[in-house]
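Structural overview
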Amino acid sequence: MTETTAKGRIVVGVDGSDAGTAALVWAAVQAAVSGAELDVVTVWLHDAMLDDASVNRTLEEARRVHFHELEKLVAAVTKDLTGVTARCFAPDGDPAGVLTERAKDATMLVVGSHGKGKVRAALAGSVSSACLRHATCPVAVIPPPARTPDSPLGRRLAEVTGETA
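Residues numbered from 1 in each chain as written. Predicted model: local features only at pLDDT ≥ 70, side-chain atom pairs only at ≥ 80, totals over all residues. Heavy atoms only, no water.

Closest axis-to-axis distance for the helix α2 (residues 18–34)/helix α3 (residues 59–78) pair is 10 Å, and the angle between their directions is 45°. Comparing the axis directions of α2 and α3 gives the class oblique. Read as a crossing pair, α2 and α3 show a hand that is right-handed. Only L73, V74, V77 and T78 of α3 make contact with α2, whose side of the interface consists of T21, L24, V25 and A28. (Axes fitted to C-alpha atoms, helices over the stretch in contact; angles between N-to-C directions. Helix = DSSP H or I, 4+ residues; strand = E, 2+ residues; numbered from the N terminus. Parallel < 35°, antiparallel > 145°, perpendicular 65-115°, else oblique. Left-handed = near helix turned anticlockwise from the far one by under 90°. Contact = heavy atoms within 4.5 Å.)

Before going further, it helps to spend a moment on the packing of aromatic side chains. Taken as a whole, this structure holds zero aromatic pairs when the rule is applied. Positioned above the aromatic ring of F89 is the side chain of R102, whose terminal nitrogen or guanidinium carbon lies 4.0 Å from the ring centre. (Phe/Tyr/Trp six-rings, centres within 6.5 Å; stacked < 30°, edge-to-face > 60°. Lys NZ or Arg CZ within 6 Å of the ring centre and 35° of its normal.)

Time to look at the sheet that holds strand β4 (residues 108–112). Pairing within the open sheet is parallel, and its five strands lie in the order β3-β2-β1-β4-β5. Both outer strands of the open sheet, β3 (86–89) and β5 (139–142), are each paired with one neighbouring strand and no more. Strand-to-strand, the axes of this sheet are offset by a mean angle of 20°, without reference to chain direction. Taken together, the four bridges between β4 and β5 define a ladder with parallel strand orientation. Bridged to V111 within β5 is V141. In this fold α2 packs onto β1 (9–13), β2 (37–41), β4 and β5, with an angle of close to 170° to the strand it touches most, β1. Relative to β3, α3 is tilted by about 155°, and along the sheet it contacts β2 and β3. (Pairing = 2+ DSSP bridges.)

Written out as structure tokens, the structure is:
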């Protein structure tokens, strides 16, 4: 058994929403505590109607925008966490399908309870629900944190996003 297998791998889906950022913060802390590797995934569609980063961009330009934004967020979340190895991925496709496929041999899949997008109201919770139904590993669904410093997750999220309570 390799060291990576022994410590595990946590896959986390991030989409720019409060719940997605809270999922990343929670997963990063779990990775720090357990020594697991962290795969951070933002799944997107190259469709100007659904994805603001895709407007007037080529597929590769849109992918770079998503990847760069993800790297900035991951750096902010993990900067004070010792020993966290995080890898970023920005594939396009169906979020639930991509996340459950990437998490096939993971220790855990972490997602936010509600995503961000122009069709959020119609699909609220659809990705987390699909992940719960189809993932072959445990799934943690993290709700958007309260905008208060009363909880460790709320305080850490405020630090990362620069927002105050």
